[in-house]
Amino acid sequence: MTPTDKSARRGGARPAAGEPTEQAEGERGIGALARRALLSPEISLVLAIIVLGTIIQIQNPVFLKFDNLILVFKAASATFVMAVAMTFVLISGGIDLSVGSMSALGGVSAAMALTAGFPIPVAILIGLLVGAGIGTVIGLLVSWARIPALIVTLGALYVVRGIDLVITGGVQIFPLPEAYKFLGQGSFFSVPFLIIYAVVVGIAAHVALENSKYGFHLRAVGGNIAAARAAGINVRRITLSVYILSGTCAALAGMMISARTAVGDPASGQGTEIAVISSVIVGGASLFGAVGSITGTALGVLLIAIIQNGLLLMNISSYWQFVVLGVVVIGAVAIDSVRRQRVWRTKATT
Amino acid sequence: MTIAAVAGDRANGAESEAKLLGLRSVSKSYGHVQALVGVDFDLAAGEIVALVGDNGAGKSTIVKILSGVINPDTGTILVRGRETVFHSPHDAYAGGTFSVFQDLALVEALDVGRNVFLGREPSRFGLVRRRQMDREALDVFTTFGIKVPSMSMTVALLSGGQRQGVAIARAILRGAAAVIMDEPTAALGVRETAHVLDIIRQLRDQGRGVLVVSHNLDLVFDVADRIHVLRLGRTAGIRDTSRTTHAEIVHLIMGVEETNEVGA
């Protein structure tokens, strides 16, 4: 890049009022393409997925087979449902560490309702209501009692897991009705239902985030809570809503898992919250609020699912996956921090 | 949003229409500190009034009272000649007053269009009409000559003057009859300052009332029709810009002519 290019860009980024501004100046060529790729989390993720996919495919041609790809998506579906809600939580400027425990509780609640003889729709409703109810309590503690979300949800991680163990006695719940299992194991023209649920949740969330007034207000709350309040946005209601959404989605994910595995497992979902948050961060959402998208989250979840699948296909010990995931998360945040400095000219500090 | 408007309207109709905002014998104290003592203030449609005074003279207290952030201890607020109580900044909006504060209340991470319509997005069935939003915002930006690179650029990338422009556009789009600007040109360059002053004059020429709070007397003489000088929480004097001098205003601010003025 020539010095004139650089100065043109600097001049273009902070133009003086009253001057026509030409932002696009000096933005052509391969350098510009690389720059744009770096600046857009979605594009850098797609590139990462292509590179990784190529490597895996060379090592093991099974990777691009239809059945294997379906397996990857299916494994990612429950994580994605939780990650969608987590995207909303992070955009609002919060965090939810309780989703792993919540997914277990959602799964066993529905399973217990089923073994108690409730019809499937009622059992699912019970599972969702348990998630929404606990989400409401968390949301009220964060929005009204003003206890930091990190603390409330860290506590909830233990409390919810405890409730889950107490009501089940730590024992797995099975057998579950065939029809319930079908909801988790069946497929539509060889596309598993689980993937369909995830896609439906994803599309609904995308529209809510990018096109609805709610989504606009959510970003405002995460970006500048004082400005949002001054503009007449009901900040408490928005904050409350994301934790209800997160609890409900975690319960839904837990039921998806219990239907797939045909068992209500009180020990499931341990550590899931970290995997979910990692995926969302890799997907470009910011821990500091306002920034994030459902497409980014989808790609983040997919990238991590492909990494896990790739390690398996390349016969690398599954113990390595934690190392790899950790490196990916740190790398993603490092890229995000560079991105911030270039796009926002601010450092990610709180 | 409730406005407790007392219908006891003393002024005649036409005159009260022209008077957008007023204060009558307003006092406010913080503990032992008397921020305002029996201050009267008026802002009419189609005029620019500058509020000047030393630090602690009570300028920001008046701004906060007029924009509904705080309530006066005694005295009344008049909106179009009617006695009014603001319970919150929203009451002030509803009364047609919009305040552009120093910190501007913009969301840096969001783009220009979203910031202009923050909290008031045009929507149908809960879905935001983004195109309509950008079009209406662009209309205002064009009419007032407010220049920003694009509607989809994040505010974080804008200069100070452009941010002022976004905040002013928000006031216009909310149909504010009175606009309060607290240090509108603080930290702006020469060219940007001139641009913001142009916008302020356009607001006046459209028949809005503009209250400008500033330390910068050159700016005040450049743009204001009337200068309201505060000193130690009291009105030290009100002068038409065309019939006063820098020296006189400085004297009023410093209290040199206090002996002539006190007794108000």
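None of these values were measured; they are calculated from a predicted model. (Residues numbered from 1 in each chain as written. Chains lettered and ligands numbered in written order. Predicted model: local features only at pLDDT ≥ 70, side-chain atom pairs only at ≥ 80, totals over all residues.)

**Section: the overall build of chain B**
Scanning chain B for helices and strands turns up ten helices and 13 strands. Looking at chain B residue by residue over its 264 residues, the buried ones come to 47%. Across chain B, every contact between residues at least 6 apart in sequence was considered, and the portion connecting residues at least 24 apart equals 68%. (Helix = DSSP H or I, 4+ residues; strand = E, 2+ residues; numbered from the N terminus. Buried ≥ 20, exposed ≤ 12 C-beta atoms within 10 Å, placed from the backbone. Contact = placed C-beta atoms within 7 Å.)

**Regarding the nonpolar core**
All names here are of chain A. If you look at the biggest cluster of nonpolar residues, it comprises 168 residues, and the most contacted ones within it are Val-81 and Met-82. Among the elements that make up this core, the one with the highest residue count is helix H12 (residues 235–261) (15 residues). When near neighbours in sequence (up to four residues on either side) are disregarded, Val-81 contacts Tyr-197, Ala-198, Val-201, Cys-249, Leu-252, Ala-253 and Met-256. (Core = buried A, V, L, I, M, F, W, Y, C linked by C-beta atoms within 7 Å.)

**Remarks on the environment of B:Asp40**
All names here are of chain B. With respect to the helices, strands and loops of the structure, Asp-40 is situated in strand S3 (residues 33–44). Asp-40 gets classed as partly exposed once you count the C-beta atoms within 10 Å, which come to 14. Taking C-alpha positions, Asp-40 is 14 Å from Arg-226, a pair spaced 186 residues apart along the chain. When neighbours within four sequence positions are excluded, Asp-40 is seen to be in contact with Leu-23, Arg-24, Ser-25 and Thr-235.

**Section: the confidence of the model for chain B**
Residue and element names in this part refer to chain B. Residues at a pLDDT of 70 or more form 89% of chain B, whose mean pLDDT is 84. Confidence drops under pLDDT 50 across residues 1–14; counting only partners more than four residues distant or on other chains, this segment forms 21 contacts. In the predicted assembly, ipTM is 0.77 and pTM is 0.82. (pLDDT = per-residue confidence, 0-100.)

**Structural notes on the interface of chain B and chain A**
Tallying the contact residues gives 28 residues for chain B and 27 residues for chain A. Of all the secondary structure elements, the ones that give two or more residues to the side of chain B that touches chain A are helix H3 (89–94), strand S9 (127–128), helix H6 (160–173) and helix H7 (190–205) of chain B. Looking at side-chain class alone, the side of chain B that touches chain A contains twelve nonpolar, ten polar and six charged residues. (Nonpolar A, V, L, I, M, F, W, Y, C, P; charged D, E, K, R; others polar.)

**Points about the packing of helix H5 (residues 99–115) of chain A against helix H13 (residues 272–282) of chain A**
All names here are of chain A. In the contact formed by H5 and H13, the axes pass within 6 Å of each other and the chain directions differ by 120 degrees. Relative to H13, the element H5 lies oblique. Counted together, Val-99, Gly-100 and Ser-103 of H5 and Thr-272, Glu-273 and Val-276 of H13 form the full contact between these two elements. By residue class, the composition of the contact of H5 with H13 is two nonpolar, three polar and one charged. (Axes fitted to C-alpha atoms, helices over the stretch in contact; angles between N-to-C directions. Parallel < 35°, antiparallel > 145°, perpendicular 65-115°, else oblique.)

**What to know about the confidence of the model for chain A**
Taken residue by residue, chain A gives an average pLDDT of 87. The fraction at 70 or more is 86%. Contacts of residues 346–350 of chain A to residues separated by more than four positions or lying in other chains number eight contacts, the stretch itself having pLDDT below 50.

**Quick notes on the sheet that holds strand S7 (residues 97–100) of chain B**
All names here are of chain B. Taken in spatial order, the six strands make up an open sheet running S7-S10-S11-S4-S12-S13, and their pairing is mixed. Strands at the two margins of the open sheet, each flanked by one partner only, are S7 and strand S13 (234–240). This sheet shows a mean twist of 20 degrees between the axes of neighbouring strands, independent of strand direction. (Pairing = 2+ DSSP bridges.)

**Some remarks on helix H2 (residues 59–66) of chain B**
All names here are of chain B. Counting buried positions over the eight residues of H2 gives eight, a clear majority of the element. Residues of H2 that are buried: Lys-59, Ser-60, Thr-61, Ile-62, Val-63, Lys-64, Ile-65 and Leu-66. Count one or two residues on from H2 and you reach Gly-68, which has phi positive near 80 degrees.

**With respect to the packing of H13(A) against helix H14 (residues 294–313) of chain A**
Residues and elements named next belong to chain A. Put simply, H13 and H14 touch, their axes get as near as 7 Å, and they point 120 degrees apart. Classified by the angle between their axes, H13 and H14 sit oblique to one another. By crossing handedness, the relation of H13 to H14 is classed as right-handed. Judged by residue contacts, Ser-278, Ser-279, Val-280 and Val-282 of H13 engage Thr-297, Gly-300, Val-301, Leu-303 and Ile-304 from H14. Class assignment of the residues belonging to the contact of H13 with H14 gives a composition of five nonpolar, four polar and no charged. (Left-handed = near helix turned anticlockwise from the far one by under 90°.)

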